[in-house]
Every structure is written in C-alpha cells, then in structure tokens.
Amino acid sequence: MDGTAVPDPRSGPVRKFASRHPVWSAIIVLAVAVLLWLIFAIWPEGLVDAIGKKKIFLNALFNGITLGGLYFLVASGFTLIFGLMQNVNLAHGTLYLMGGYVGFHAAKITGYWLLAFPVAFIVVGAFGILLQLFVFRRMEGEDLRQTLVTIGISVVVADLMLWGFGGDFINISPPSWLSGPVTTFLVTAQRSSGELVLLKYPMVRIVIFLAAVVLGIAMWLALNKTRIGMMIRAGVDDREMLSATGARIQIVFVGVFAFGAGLAGMAGVVGGTFQSVAPGEDIRFLLASLVVVIVGGMGSIPGAALGALLIGLAEQFGSVYFPTYAVVLTFVIMIVVLAFRPQGLLGKA
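Read on for an overview of the structure. Predicted, not measured: the structure shown is a model, and the values here were computed from it.

### Observations regarding the environment of V337
Then comes step 1: Note on placement: V337 falls in helix 15 (residues 326-340).
Then comes step 2: Looking at V337, the relative accessible area reads 8%, which means it is buried.
Then comes step 3: Residues V337 and G297, 40 residues apart in the sequence, show an inter-C-alpha distance of 10.0 Å.
Then comes step 4: Excluding residues within four positions of it along the chain, V337 makes contact with I294, V295, P342, G344 and L345.

### Considering the packing of aromatic side chains
Then comes step 1: Inspection of the entire model under this criterion finds 12 aromatic pairs.
Then comes step 2: Relative to F185, the ring of F40 lies with its centre 6.3 Å away and its plane at 15°, an arrangement referred to as stacked. Here the residue F40 occupies a position in helix 2 (residues 22-40), and F185 occupies one in strand 1 (residues 181-190), the gap between them amounting to 145 residues.
Then comes step 3: Plain terms: the ring middles of W113 and F117 are 5.0 Å apart, the flat faces sit at 90° to each other, and that makes the pair edge-to-face.

### Some details on the pattern of salt bridges
Then comes step 1: One pass over the structure, following the stated rule, counts four salt bridges.
Then comes step 2: Here R145 and E142 are joined by a salt bridge, their closest N and O atoms 2.9 Å apart.
Then comes step 3: Owing to a relative accessible area of 42%, R145 belongs among the partly exposed residues under this scheme.
Then comes step 4: Linked by salt bridges that have partners in common, E281, R284 and E315 make up one network.

### Here's the deal with the nonpolar core
Then comes step 1: Counting 66 residues, the largest nonpolar core has L70 and Y71 as its most contacted members.
Then comes step 2: Per-element tally for this core: the top contributor is helix 12 (residues 249-274), with 12 residues.
Then comes step 3: Those residues in contact with L70 that sit more than four places away from it in its chain are Y96, A267, V270, G271, F274, Q275 and F285.
Then comes step 4: If you look at the next biggest cluster of nonpolar residues, it comprises 12 residues, including L38, I39, A60 and L61.

### Some details on the packing of helix 9 (residues 203-225) against helix 12
Then comes step 1: Following both chains from N to C, one finds helix 9 and helix 12 inclined at 165°, their axes separated by 11 Å at the closest point. Between helix 9 and helix 12, the crossing angle belongs to the class labelled roughly antiparallel. Our pair here, helix 9 against helix 12, has a crossing hand that is left-handed. In this structure, helix 9 uses V204, R205, I208, L215 and M219 to contact helix 12, whose residues at the interface are F259, L263, V270, T273 and F274.
Then comes step 2: Within the contact of helix 9 with helix 12, the residues separate by chemical class into eight nonpolar, one polar and one charged.

### A look at the environment of T94
Then comes step 1: Its place among the elements puts T94 in helix 5 (residues 92-110).
Then comes step 2: Here T94 falls in the buried class, since its relative accessible area comes to 3%.
Then comes step 3: Setting aside anything within four residues of it in sequence, one finds T94 in contact with S154, V157, M161 and D282.

### Remarks on the environment of V254
Then comes step 1: Its place among the elements puts V254 in helix 12.
Then comes step 2: Along the backbone, V254 and R284 are 30 residues apart, and their C-alpha atoms lie at a distance of 26 Å.

### Digging into the layout of surface pockets
Then comes step 1: For the largest pocket, the calculated volume is near 1,300 Å³.
Then comes step 2: Residue lining of the largest pocket: 27 residues in total, with W24, I28, L306, L310 and L345 positioned closest to the centre.
Then comes step 3: Residue assignment for the lining of the largest pocket shows that the elements contributing at least two residues are helix 1 (13-20), helix 2, helix 14 (301-321) and helix 15.
Then comes step 4: Broken down by element, the residue count for the lining of the largest pocket peaks at seven residues, all from helix 2.
Then comes step 5: Split into classes, the residues belonging to the lining of the largest pocket amount to 23 nonpolar, one polar and three charged.

Cut-offs and rules
Residues numbered from 1 in each chain as written. Predicted model: local features only at pLDDT ≥ 70, side-chain atom pairs only at ≥ 80, totals over all residues. Heavy atoms only, no water. Helix = DSSP H or I, 4+ residues; strand = E, 2+ residues; numbered from the N terminus. Buried < 20%, exposed > 50% of the residue type's maximum accessible area, 1.4 Å probe, protein only. Contact = heavy atoms within 4.5 Å. Phe/Tyr/Trp six-rings, centres within 6.5 Å; stacked < 30°, edge-to-face > 60°. Salt bridge = Lys/Arg side-chain N within 4 Å of Asp/Glu carboxyl O. Core = buried A, V, L, I, M, F, W, Y, C linked by side-chain atoms within 4.5 Å. Axes fitted to C-alpha atoms, helices over the stretch in contact; angles between N-to-C directions. Parallel < 35°, antiparallel > 145°, perpendicular 65-115°, else oblique. Left-handed = near helix turned anticlockwise from the far one by under 90°. Nonpolar A, V, L, I, M, F, W, Y, C, P; charged D, E, K, R; others polar. 1 Å grid on protein atoms, 1.4 Å probe; cavity = no way out; pocket = protein on both sides within 12 Å on 5 of 7 lines; lining within 4 Å. Points joined across faces, edges and corners; volume = space filled by probe spheres on them.

Written out as structure tokens, the structure is:
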C-alpha cells in the first residue's frame, strides 16, 4: 500500500448534498413522501373537500410533467444557442412557431403525422443556419446588437407567418393509435360498491414526453461523452486555442445552431399536437425558454430539464388551484432561484 486515499464509492453527489444540507435534504425527502402518498393513496373525504378531487390533482400533475417535456424541447435548443454558444437569439420563439406551421402543412399534405417532425427540423434548422451565418457570425460578442436584431427578425417573420398562414388556431392531428386515452394503474377514487376508478390519460402526451426524455439523455451524452461535445464546450471557453489545434470550430457552431433551431421546430409540432399553433405563441415560448434557462442554469441540459419540469408544474397547478396568480407563480420561482442561486439550480458558478 502506498498510502494513497481510495475514494469512497458511496460518497456520491446525493450523499454530499445530504451531508452539506441536512435540513434541505429532510425537506426534500418529506415532500417526495407526501407527493407519493397523494399519487398512490385513496384520498379521504376531508382532503377531497379541502383541495378537490384526486382526478383533478393527477391531471394537473401529469399535464405539468408533459408540458415540462414540451418546454424542455424548446428550451434545450435555446440553452445550446444561448447558454453554450453565447448567441442571444430572441427569435427562438419564432423558430418554434415556424416549426408548428411547417409541421401542420407537412402532415396535412402527406397524411403522415410522424413526417411532420423531420420536415420541421430540416426547414427550421436551415433557417437557423442562415441566422448563424448572416447575423450571429457578423456580431460575435455584441450582445446588445444581437438582441435588437433578433427582436426585429422575430417581429418581421411573425408578421410574414400571420400573412401567409392566417390568424386562426390550428391543431396537428396525431394518428389514430395515439388519439385515445390509456388507462393507467393510478386510482382516482373508490365507488361505494368498492370498485376502484382508474385514471385515463392521453396516449399522445405520454409518448411525446418519453421521446423528450430519450432526446434529453442523448443530448447530454453527446455533449459530455463525445468528441464533438468536447469541441463545443472547449470552443465556448477558448475559441482561439481550439482553432489553433486545427478544429473547424465555425462549422461545428453552425451545426449546433442548426440543431438547436431544428429542436425548436420539432417542439412546434409537439405544441401543435398538445395544444394549438397560433400567432402569439412565439412570445409565450420565448419567455418560457428564458425562464427555464434562468431557473435551470445556462448551458446545462439537466438544468433545462429540471427548470422545464418546475415551470410546467407551476403553470398547471397554478391554473387549477390559483388561477388568478398562475402567471405570477412562474416568476416567483425564478425570483427565488435568482435570490439564492444566481447561476441557476444546476448551472456553474
């Protein structure tokens, strides 16, 4: 033995957090236990009288989780462009709206819902390449100019889409095998006869949320475990040094921008399937992306996932239990995070 200390395999991040923050750890464990009880237990009549039916609670919970999946798809592209590449793209909501319209017409013309996703990804990704080449490459490091120019681009493109596609709400219809609800194993109530009532939930929301989870894991692995991911992170920290090694960083950055824009376009198809596509949705999802990235942490894919989940749950529970203050609840979360952890929940200091 040479006396070298062997790291304790049990000293993982969870154990470190628990040892440093015992009070917060106890609060988190208690909150998780209460949530699990609310999800799986049969509610007593007193609780139903106090906060309403369990079915309403479960629908708000799952709607918040699936809405968080949609926000993650939009915000993950935004955090790649804004958080990693330092490009202030306030036309990101426009990319979302463009993807919704493109996906709607692709599905309508071809009759295939799944085909709307690659078409929206390619078209909006190509538009993102144009933005990177003709706007951001010419304004590197000029945050104020990028902000003003992309706001102008978003206004012009939004008006063009209003002129071209009209101002009506449109919905993207999923295929028949995704249209109906699926019966879950969660009990919402118990009839007087003793029969248990199970929750039914739309199949399309479950499938798209699972796809968002798979995509998020793939993005994290690509950024942290592949050579291209290391090049992207190294190029953000020291572009000149990476260029000196012979890496074609400009091509990599164009690809990242196109991928982030394409994600926003695919999210537009998801949003058109979940809810609807209409003028004004670009502003809503731009603000949601900003809040998600601020809460989760700049440039962090896990942070974007956590922030999207929190904001989605806040919106849904707020609209059900605090309808007057639903919008305020989202910004309260952001203010609290900024007050205690300015870099975001999972962002680097």
